Amino acid sequence: MIGPREADRIWDRHVLNSVAMADLVADGVSVVDVGSGAGLPGIPLAIRRPDLQITLLEPLLRRATFLAEAVTELGLTDRVTVVRARAEDHDAQYDVITARAVAPLPRLLTWCLPLMRPAGELLALKGSSAADEIDQSRQLLTKRRLYADVVSVRAHPRAESTQVVRVRAVR
Ligand SMILES: C[S@@+](CC[C@H](N)C(=O)[O-])C[C@H]1O[C@@H](n2cnc3c(N)ncnc32)[C@H](O)[C@@H]1O
């Protein structure tokens, strides 16, 4: 489910990177993890935050099957649902949309904005490209009256920090 050279760095590069965004998510909200793949960031987030209802959205059969097995194995079925679909074909709305390594921000916004409740937000794990991707999305953000900022997060004080692009309606 992840690249062949990733096994040695699965904890730091993938799991902790996913958990790092946990503090940005409000209590008890609904979350959709778009393009969840191997369950990143959705599954670490679900384990770290038992108060959340999380949908893992993934179009590929093999990955969606893996996700369903992982959710069952981890005992998360009461609050984590797997949906096999592309974001642009999924008809539901959520308080928070998460995405990691799915698409450049302008395309991600086009796919994800219909899934976002009016007071909701998109949290895209972007690392060092975060500010540039916001610049590339300026036109769309302005047209849709959205505000984007970059938030630096880390899973714990000694973990590497990463950057999240946060997109919300202008308030
Ligand atoms: C590079 S993987 C990243 C997976 C995971 N988020 C991670 O960080 O490891 C991109 C994932 O996005 C999914 N994807 C591609 N296009 C999509 C779309 N239109 N809607 C939802 N998911 C999509 C792919 O099937 C793939 O699982």
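Residues numbered from 1 in each chain as written. Predicted model: local features only at pLDDT ≥ 70, side-chain atom pairs only at ≥ 80, totals over all residues. Heavy atoms only, no water.

Trainee: Help me understand the pattern of salt bridges in this model?
Mentor: A side chain with one charge may pair with a side chain of the opposite charge, provided their charged atoms come close. Counted according to the given criterion, the structure contains twelve salt bridges. Linking Arg9 and Glu6 is a salt bridge whose minimum nitrogen-to-oxygen distance equals 3.0 Å. Taking relative accessible area as the criterion, Glu6 reaches 13% and is therefore assigned buried. In this structure, Asp27 and Arg49 form a salt bridge, with 3.7 Å as the shortest nitrogen-oxygen distance. (Salt bridge = Lys/Arg side-chain N within 4 Å of Asp/Glu carboxyl O. Buried < 20%, exposed > 50% of the residue type's maximum accessible area, 1.4 Å probe, protein only.)

Trainee: Hey, could you run me through the site of the ligand in this one?
Mentor: Around the ligand sit 16 residues, and of these Leu40, Glu58, Arg63, Ala87 and Arg100 come closest. Within the backbone of Ala87, an N or O atom sits 2.9 Å from a nitrogen atom of the ligand. Contact with the protein chains hides 79% of the accessible area of the ligand, taken as 590 Å² for the molecule alone. Broken down by class, the residue content of the shell around the ligand amounts to eight nonpolar, three polar and five charged. (Near = heavy atom within 4 Å. Polar contact = N/O pair within 3.5 Å; in protein donor to acceptor, adjacent residues only side chain to side chain. Areas by Shrake-Rupley, 256 points an atom, 1.4 Å probe, with all protein chains shown as cover. Nonpolar A, V, L, I, M, F, W, Y, C, P; charged D, E, K, R; others polar.)

Trainee: What is the right way to look at the UniProt feature "binding site: S-adenosyl-L-methionine" (unreviewed entry) in the chain in this model?
Mentor: Here the UniProt feature "binding site: S-adenosyl-L-methionine" (unreviewed entry) sits at Gly35, Leu40, Ala87, Glu88 and Arg100. As for its placement among the helices and strands, Glu88 is situated in the loop between β3 (80–83) and β4 (94–100). For Arg100, the contacting residues outside a window of four places in its chain are Arg13, His14, Asn17, Ser18, Leu40, Pro41 and Leu125. Among the polar contacts listed, one links the side chain of Arg100 to the side chain of His14, at a separation of 3.1 Å. (UniProt positions renumbered as here; feature names shortened; annotations may be inferred. Helix = DSSP H or I, 4+ residues; strand = E, 2+ residues; numbered from the N terminus. Contact = heavy atoms within 4.5 Å.)

Trainee: Looking at this model, I keep getting lost on unusual backbone geometry. Mind explaining?
Mentor: Backbone phi values are negative for most residues with the exception of glycine, while trans is the configuration of most peptide bonds. Note that the residue after Leu40, namely Pro41, is joined by a cis bond; omega there is 5°. In this fold, Pro41 is placed in the loop between β1 (30–34) and α2 (42–48). One non-glycine residue, Ala101, adopts positive backbone phi at about 60°. Of note, Ala101 is situated in the loop between β4 and α4 (105–112).

Trainee: Which parts of the structure should I look at to understand the sheet that holds strand β7 (residues 162–169)?
Mentor: In a beta sheet, neighbouring strands pair by backbone hydrogen bonds and run either parallel or antiparallel. Across the sheet, which stays open at both edges, the seven strands sit in the order β3-β2-β1-β4-β5-β7-β6 with mixed pairing between neighbours. Unpaired on one side and paired on the other, β3 and β6 (146–153) mark the two borders of the sheet. Adjacent strand axes in the sheet meet at a mean angle of 20° when their direction is disregarded. Inspection of the sheet shows strand β2 (residues 53–57) paired to β3 by four bridges, in the parallel sense. Across the sheet, residue Thr55 finds its bridge partner in β3, namely Thr81. The strands touched by helix α1 (residues 10–19) within the sheet are β4, β5 (116–125) and β7, with β4 carrying the most contacts at an inclination of about 160°. Where α4 meets the sheet, it contacts β1, β4, β5 and β7, and its direction lies at approximately 150° from that of β5. (Pairing = 2+ DSSP bridges. Axes fitted to C-alpha atoms, helices over the stretch in contact; angles between N-to-C directions.)

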